[in-house]
Amino acid sequence: MSTKIPVPDIGDFESVEIIEILVKAGDVINKNDPVVTLESDKSSVEVPSPFAGKISSLKVKIGDKVSKGSILALIDNNESNEKSKLESKEKIELDKLEVVQKEENLLPITEKIIQQAESTIDQKPKKIVPKKPYLNGNAADIDPKETQEWLDSLDAVLKQDGTDRAHYLLKKLTDEAYKDGSNKPFTRTTPYINTIPPELEVKSPGDQNLEKRIRSLIRWNAAAMVVKANKKNPELGGHIGTFASAATLYDVGMNHFWRAKNNKFGGDLVYFQGHSAPGMYARSFLEGRLSASQLGNFRQEVGVDGLSSYPHPWLMPKFWQFPTVSMGLGPVLAIYQARFTKYLINRGLIKDEGRKIWAFLGDGETDEPESLGAISLASREKLDNLIFVINCNLQRLDGPVRGNGKIIQELEGIFRGAGWNVIKVIWGSYWDQLLAKDKSGLLIKRMNECVDGEYQAFKANDGSYVREKFFGKYPELKNLVSSMTDKDIWRLNRGGHDPHKVYAAYDDAMKTKGKPTVILAKTIKGYGMGKSGESINITHQQKKLGEEDLLYYRDRFDIPLTDKQVKNVEFYKPDEKSDEIRYLKERRMKLGGNLPERTSFSKPIKKPAKDIFANMLKSQGDREMSTTMALVRMLTNLLRDKNIAPRLVPIIPDEARTFGMEGFFRKIGIYAHEGQKYEPEDSEQLSSYREDKKGQVLEEGITETGAMSSFIAAGTSYTNHDLEMIPVYTFYSMFGFQRVMDLIWAAGDSQARGFLIGATSGRTTLAGEGLQHQDGHSQILASTVPNCVSYDPTFAYELAVIFREGLKRMHDKQENIFYYLTTMNENYHHPEMPKNCEEGILKGMYLFKEFNNKGKIKVQLLGSGTILREMISAAEILSKEYNIDSDVWSVTSFNELRKDGMKTERKNLLNPAEKNKKSFVEECLSKREGPIIAASDYMRSFADQIRPYISKSFYSFGTDGYGRSDSRKNLRKFFEVDKEHIVTYTLSALAKEQLVSSKDAEKAIKKYNIDKDKPMPTEL
Ligand SMILES: Cc1ncc(C[n+]2csc(CCOP(=O)(O)OP(=O)(O)O)c2C)c(N)n1
Ligand SMILES: [Mg+2]
């Protein structure tokens, strides 16, 4: 039976043009296969077939205008229209029911109580009066006997029925109190003790003595490499105190938890704290991965086989995976890495192997908004593959992180509030006994009331100081430690230095389901450095240990080096056959290999069929469209290529409709780990907001930081997941480089591959939006990133040639580069590609058109982006009205031309005896006549970049100054990049060379109402 395929609801649009027909009579198609592509002036979308079957006839042709209900084709199908409708309706009802049932199960007890209460509301709502006035807001105990009774009851429950029952009762009490009007918020923090009590700690299977020895050796070598470098040259710098505080945290992970990538397993991903790098090198040295001479060349990367100061994959591409030293980037990148890993799993592109993403950060680092800014995404997306370890050594660079407060408590509240599993590792095992003896809770009270400034001071002093200042506050506490010596008191360790406590925390984090985990580990900055740097404010800068300090450090960690060897700052590595080295290697072998290590076993993506781009190289007919729209068309075409389609990762920070990309919602879906639990309000429409567990679009919300982090995760998937992906991150060009330059720099360092698309670009092209939106400098910022290849194309065919080359370079030749392309929202005609210009498009310029038929005078007009069109119009005016000929060049990339110019110039200077080679700019222009006039929608310095490679007079125009709202025409006049200014300035330039009369230029100034007294736009 033949059924009609109609145009579905396409939103607000009427009479939309059919630009492609994707089926023909006789084709057998599946449900949801595209039938035609429709294009309005804002976007282009494919219309999917609602049925499977055989197309019996087509009812439309290219160019037809259609609206909702227009019939596109007839299809012979088995299922009747009504049946499928009915089925889908039933399915939605069922889905809804399921969702409601699921929600029902999830309802917290409080909500149930509210529901019950609501069902019986026939009387007036009860006025809630607190039963007892809050007499003591400072929470002092007004009835210690009553308190003790409650505590005894709790104790009995704990002993008899365990913690779950106790927790249930407490929750019930809280809920009841809430119902009865006690709306005092309950704290999100717990007492200042370990989250995991000693009896629930999972014990480490490791050989503690050997592990301690290994840790000591690593500590020594890490400190020695910094001291050695600074002995050679004090300029080199480095950090000792940070790794000294974090050594146990890393060691337990390396010995027991972090699984490396190998042919059986994808590998855990560990984001090491940037300035802890010496510790990672020191371990690799013991593992035999780095030599003593490499360690000796720490921070000396030029000319020798040295080691990077910090984790830089660009400089150590086989070692480091993640650049983390710009504080705050590690945490946010790790969150989006964890999310992207789930994305790949949910899309069926990689297996779920239970891989984890670990991120190490400093407590001071959490001051960076980037560190905490995305933590709610991690819990919302249930990233139980993510573990943060925050090394709370209570110090930043200059002093305490929270001298008057407690960073661990503060972070606990923030992370728990955001839905994370929080594990505090505050006290080491030596405290267990004391805490067990503390029946009155006084010890915990003392722990709670001390601030971090005091905790830091305790460790900067000694046991007697701690006895006096900490325990001495209360006679009972002083008594508690009366039988302990000062040395014993000094030995009371902090959780982050206790491998048992750290092991138990990591074990718990590994087993946590449904949420991310943060481990807050309390440590001592400069642990083991003694008077030279333990827990003192200058610890962070301590990089030159004197002989005495080194000898102390050797003794402290029992390193078998003679005094002489210590004075020479020698590294120490035991024999290959020693227990230490064997153990260390065996542990890593058990965990699958080395860490950190950067490898890639990804296969290149198969090239798209050439004709994917072919129709973009043709004239786009009478249709006017923007380059943003051309890009969307191109992506739509690529989504039909079976090799490319699954690898594309469109990333959009909530601007899809602005860029005309809403067609992707229906076609490939928006990634949502829970699918879609609701029927979207626009479900009937073609561009309905469709969320899907297998969705492909990353609709990030309003976070360029998050979107850029996704770009990096997808762009480095070839190494982190051995699977090449093609991120295409499209954003308002103003909110790209300017907003997230540091992340873009990190993308370069990470060797990410992909396309950044600065849409709605240009200072005068995004007309109405004004100063904070109009971008006239992102191209210049892009030029500062060494492996970023950037273009400002004008026409659809240029975009296609550039994009095709990008795919080839990144995914065929596997070059570690990424692209920045600016696209515009100005609609205009796109001509057919002129002959033989592909090389020029890619190198940065080609001859677009010659105006040759008139006179003897000639100029060279160079235009980029939309301003090329002003140059073309100016050329027409010069030709028609002034008999001046011109060559019009489309400059697709002043940045690429500059790179080539620099290279050529350098080569010529290095080979003084040889004939000079020509830069590409010279090749294009040296034989052409007349002064050169260049303009773009960017600051003058964009075009100025080619000035050194030009021997003729050169004038560049651009949009220096703040943008402002107005029409394109007025803005281009204001910034002096409209055709009238180009004509006038050209005449003036020719007059200076006495090729035309200065009167002509003066006349033009009058004719075009150009105000000579108007200040430079930079001053307005
Ligand atoms: C964005 C950024 N700003 C400043 C620095 C310089 N810096 C390096 S380490 C450091 C202090 C770090 O303190 P914390 O995070 O507590 O780490 P710790 O060394 O104490 O483990 C600072 C400010 C940096 N690396 N990155
Ligand atoms: Mg710190």
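The coordinates are above.
Residues numbered from 1 in each chain as written. Chains lettered and ligands numbered in written order. Predicted model: local features only at pLDDT ≥ 70, side-chain atom pairs only at ≥ 80, totals over all residues. Heavy atoms only, no water.

*Asks:* Looking at this model, I keep getting lost on the coordination of the magnesium ion (ligand 2). Mind explaining?
*Replies:* Ideal geometry at a metal centre gives angles of 109.5 degrees when four donors are arranged tetrahedrally and 90 or 180 degrees when six donors are arranged octahedrally. Surrounding the magnesium ion (ligand 2) are the protein donor atoms Asp 363 (OD), Asn 393 (OD1) and Gln 395 (O), which sit 2.1 Å from the metal. Linear spacing of the donor residues for the magnesium ion (ligand 2) on their chain is D-x29-N-x1-Q. The pair formed by Asn 393 and Gln 395 is uniform in burial state, with each residue classed as buried. (Donors = N, O, S within 2.8 Å, 3.2 Å for Na, K, Ca; no water. Buried < 20%, exposed > 50% of the residue type's maximum accessible area, 1.4 Å probe, protein only.)

*Asks:* For this particular structure, what's the right way to read the packing of aromatic side chains?
*Replies:* The geometry of an aromatic ring pair is captured by the separation of the ring centres together with the interplanar angle, meaning the angle of the planes. Scanning the entire structure with this criterion turns up 54 aromatic pairs. The interplanar angle of 75 degrees and the centroid separation of 5.7 Å between the aromatic rings of Phe 458 and Phe 470 together place this pair among those described as edge-to-face. On the criterion of sequence distance, the pair formed by Phe 458 in helix H14 (residues 452-460) and Phe 470 in the loop between helix H15 (463-469) and helix H16 (475-480) is long-range, its members being twelve residues apart. Residues Tyr 729 and Phe 731 carry aromatic rings whose centres are separated by 4.6 Å and whose planes lie at 50 degrees to one another, so their mutual orientation is tilted. Just as Tyr 729 is buried, Phe 731 falls in that class too. Lying across the ring of Tyr 192, Lys 406 places its NZ or CZ 4.9 Å from the centre. The ring centre of Trp 490 lies 4.4 Å from the NZ or CZ of Lys 459, which sits over that ring. (Phe/Tyr/Trp six-rings, centres within 6.5 Å; stacked < 30°, edge-to-face > 60°. Helix = DSSP H or I, 4+ residues; strand = E, 2+ residues; numbered from the N terminus. Lys NZ or Arg CZ within 6 Å of the ring centre and 35° of its normal.)

*Asks:* Can you walk me through a negative patch on the surface in this structure?
*Replies:* A cluster of acidic residues, Asp 141, Asp 143, Glu 146, Glu 149 and Asp 152, forms a negative patch at the surface. Along the chain, Asp 143 falls in the loop between helix H2 (109-119) and helix H3 (144-179). Residue Asp 143 is classed as partly exposed on the basis of its relative accessible area of 32%. (Patch = residues over 30% accessible without salt bridge, like charges linked within 9 Å, V, L, I, M, F, W, Y side chains within 5 Å. Areas by Shrake-Rupley, 256 points an atom, 1.4 Å probe, with all protein chains shown as cover. Salt bridge = Lys/Arg side-chain N within 4 Å of Asp/Glu carboxyl O. Lys, Arg positive; Asp, Glu negative; His and termini not counted. Charge placed at Lys NZ, Arg CZ, Asp CG, Glu CD.)

*Asks:* Hey, could you run me through the packing of helix H5 (residues 241-257) against helix H21 (residues 579-590) in this one?
*Replies:* What describes two packed helices is the angle between their axes and the distance between those same axes. Close contact between H5 and H21 brings their axes to 7 Å; oriented N to C, the two are set at 65 degrees. Here H5 contributes Gly 253, Met 254, Asn 255 and His 256 to the contact with H21, which in turn contributes Tyr 583, Arg 587 and Arg 588. In terms of residue class, the contact of H5 with H21 is built from two nonpolar, three polar and two charged. (Axes fitted to C-alpha atoms, helices over the stretch in contact; angles between N-to-C directions. Contact = heavy atoms within 4.5 Å. Nonpolar A, V, L, I, M, F, W, Y, C, P; charged D, E, K, R; others polar.)

*Asks:* Looking at this structure, I do not really get unusual backbone geometry. What am I missing?
*Replies:* With glycine set apart, most residues show a phi of negative sign, and most peptide bonds adopt trans. Cis rather than trans, the peptide bond between Leu 595 and Pro 596 has omega equal to -10 degrees. For Pro 596, the position within the fold is in the loop between H21 and helix H22 (611-617). Although it is not a glycine, Asn 883 sits at a positive phi angle of roughly 55 degrees. If you trace the backbone, Asn 883 turns up in the loop between helix H31 (867-882) and strand E24 (885-891). What makes Asn 883 partly exposed here is its relative accessible area of 42%. In the Ramachandran plot, Glu 976 falls in the positive-phi region, its phi being about 65 degrees despite a non-glycine side chain. Tracing the chain through its elements places Glu 976 in the loop between helix H35 (968-975) and helix H36 (979-992).

So far we have only geometry, and geometry alone does not tell us how the molecule works.
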